[in-house]
Amino acid sequence: MSQAVQLHQYGDVDVLKVEDVAQPTPETDQVLVRVKAAGINPGEASIRKGVFKDSWPSTFPSGQGSDFAGIIEAVGEGVDDTLIGAEVIGFTHDRASQAEFVVVPQTQVTPKPASLSWDVAGGLFVAGTTAYAAVRAVDVKAGDTVAISGASGGVGTLAVQLAQLRGARVLGIASPARAEWLAAHDVELVPYGDGLKERLEAVGRIDAFIDTRGQGYVQLAVDLGIPRERINTIIDFAAAKHYGVKTEGNGVGGTTEVLSELARLVGEGQLDVPVARAYPLAQVQEAYRELERGHTLGKIVLLPGGVG
Ligand SMILES: NC(=O)c1ccc[n+]([C@@H]2O[C@H](COP(=O)([O-])OP(=O)(O)OC[C@H]3O[C@@H](n4cnc5c(N)ncnc54)[C@H](OP(=O)(O)O)[C@@H]3O)[C@@H](O)[C@H]2O)c1
């Protein structure tokens with residue numbers, strides 16, 4: 001047996017349980033990974049609450065989580081057994097990473113650069129590949145000015161840096177409390193709240209807009225005169241349909257190739273993944289309570305192997 005986050009119904013944070021489950025076994029072309037860290041994401045909270053129950057239902061009992069980093073413990077047929085012991089970063093599509101063990105196809109893991117800590121590696125997949133896809137979608141180029149809402153969140157902190165790596169001037173829409181982190185990453189803070197449109201207009205021409213927050217940012221970007229093909233939202237699909245803007249995120253960015261590229265950038269010190277807090281698996285409810293307050297700087301991760 002091993003421990004895993006389990007849900008038996010839709011609901012609030014208190015439906016999240018950590019229970020004993022059968023340890024998964026790797027089948028052909030699969031690897032069994034002992035999970036050291038698993039990132040948590042707001043989309044999982046929406047699934048848990050039943051927001052997508054018609055289009056994307058859960059089957060109970062359900063596990064939870066896509067992101068993970070860990071050590072290959074065993075391999076299935078067709079996988080080179082010298083991989084046992086390898087440190088990897090990966091992802092599952094089975095809502096299953098918040099657990100002591102996860103089984104995935106070998107193609108869904110990539111080597112973890114030695115310089116990445118477990119918590120950073122474990123929080124990289126969803127936020128990183130989403131940020132990568134969003135920056136690519138609006139075709140950020142050297143000399144552009146790009147505005148990014150939710151600039152201090154899990155996706156935003158990576159999107160601002162990926163836009164900068166392409167040579168853009170980056171405006172980070174966030175609270176003044178995030179001024180220090182943004183300045184340290186050469187991002188210009190534009191505080192959200194009343195008067196935001198005027199503050200953005202005062203900056204001058206804005207070439208592209210990445211929305212990671214919803215709540216009217218797509219309309220704001222359109223009102224600022226930004227071309228619709230250079231506006232991308234990862235959350236406000238109704239506004240995207242209404243205004244004809246892009247919606248590229250994890251669905252197109254979530255590949256092993258993109259994950260490997262992000263791991264390389266982090267490993268080389270070109271990309272910083274801030275981890276606000278790492279919780280033991282047993283504190284999964286506390287971890288989501290913090291995430292769902294909506295003011296996390298960077299990522300929150302769970303540590304199924306315990307802290308340290
Ligand atoms: N489509 C996809 O593929 C995809 C993938 C991943 C995530 N998502 C969605 O994208 C959203 C962001 O995900 P995430 O992981 O980055 O979330 P997150 O880490 O929870 O985002 C929290 C951030 O939101 C900021 N924020 C709060 N109120 C704001 C406001 N009025 N204006 C601007 N920023 C504000 C906070 O900034 P302060 O602390 O400064 O207040 C905080 O840094 C979620 O809704 C998630 O479900 C979609």
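Residues numbered from 1 in each chain as written. Predicted model: local features only at pLDDT ≥ 70, side-chain atom pairs only at ≥ 80, totals over all residues. Heavy atoms only, no water.

## Re the site of the ligand
If you check the shell around the ligand, you find 28 residues, and the closest are Gly154, Ser175, Tyr192, Tyr217 and His295. At 2.7 Å from an oxygen atom of the ligand is found a main-chain nitrogen or oxygen belonging to Gly154. If the ligand stood free it would expose 930 Å²; the protein chains cover 87% of that surface. If you list the elements that add at least two residues to the shell around the ligand, you get helix H1 (42-49), helix H3 (125-137), helix H4 (154-165) and strand E9 (169-174). Across the shell around the ligand, the residue classes break down as 11 nonpolar, 15 polar and two charged. Looking at the shell around the ligand, you find at least three residues from each of domain 1 (2-124 + 274-303) and domain 2 (127-251). (Near = heavy atom within 4 Å. Polar contact = N/O pair within 3.5 Å; in protein donor to acceptor, adjacent residues only side chain to side chain. Areas by Shrake-Rupley, 256 points an atom, 1.4 Å probe, with all protein chains shown as cover. Helix = DSSP H or I, 4+ residues; strand = E, 2+ residues; numbered from the N terminus. Nonpolar A, V, L, I, M, F, W, Y, C, P; charged D, E, K, R; others polar. Domains from an automatic or database assignment.)

## A word on the domain arrangement of the protein chain
Taken domain by domain, the protein chain holds domain 1 (2-124 + 274-303) and domain 2 (127-251). Centre-to-centre, using C-alpha coordinates, domain 1 lies 28 Å away from domain 2. Each partner contributes residues to the interface: domain 1 has 10 residues there, and domain 2 has 11 residues. Where domain 1 abuts domain 2, roughly 780 Å² becomes buried across the two surfaces, and 52% of that area is made up of carbon and sulfur atoms. (Contact = heavy atoms within 4.5 Å. Buried area = accessible area lost by both parts, 1.4 Å probe.)

## Some words on the packing of H1 against helix H11 (residues 284-292)
One can describe the packing of H1 onto H11 by two numbers: an axis separation of 10 Å at closest approach and a directional angle of 105°. As summarised for this structure, H1 and H11 are arranged roughly perpendicular, according to the angle between their axes. In this structure, H1 uses Pro42, Glu44, Ala45, Arg48 and Lys49 to contact H11, whose residues at the interface are Tyr288, Leu291 and Glu292. Looking at side-chain class alone, the contact of H1 with H11 contains four nonpolar, no polar and four charged residues. (Axes fitted to C-alpha atoms, helices over the stretch in contact; angles between N-to-C directions. Parallel < 35°, antiparallel > 145°, perpendicular 65-115°, else oblique.)

## Things to note about the pattern of salt bridges
Enumeration according to the criterion identifies 12 salt bridges in this entry. Between Arg169 and Glu188 there is a salt bridge, with the nearest N and O atoms lying 2.8 Å from each other. Of the two residues, Arg169 sits in strand E9 while Glu188 sits in strand E10 (residues 188-191), which places them 19 residues apart along the sequence. The exposure class assigned to Arg169 is partly exposed, which follows from its relative accessible area of 36%. Residue Glu188 is classed as partly exposed on the basis of its relative accessible area of 34%. Salt-bridge contacts for Glu201 lead to Lys197; the nearest nitrogen and oxygen are separated by 3.1 Å. With a gap of four residues between them, Glu201 and Lys197 both fall in helix H6 (residues 196-203), about one helical turn apart. Judged by its relative accessible area of 42%, Glu201 falls in the partly exposed class. Given the relative accessible area of 30%, Lys197 is considered partly exposed. (Salt bridge = Lys/Arg side-chain N within 4 Å of Asp/Glu carboxyl O. Buried < 20%, exposed > 50% of the residue type's maximum accessible area, 1.4 Å probe, protein only.)

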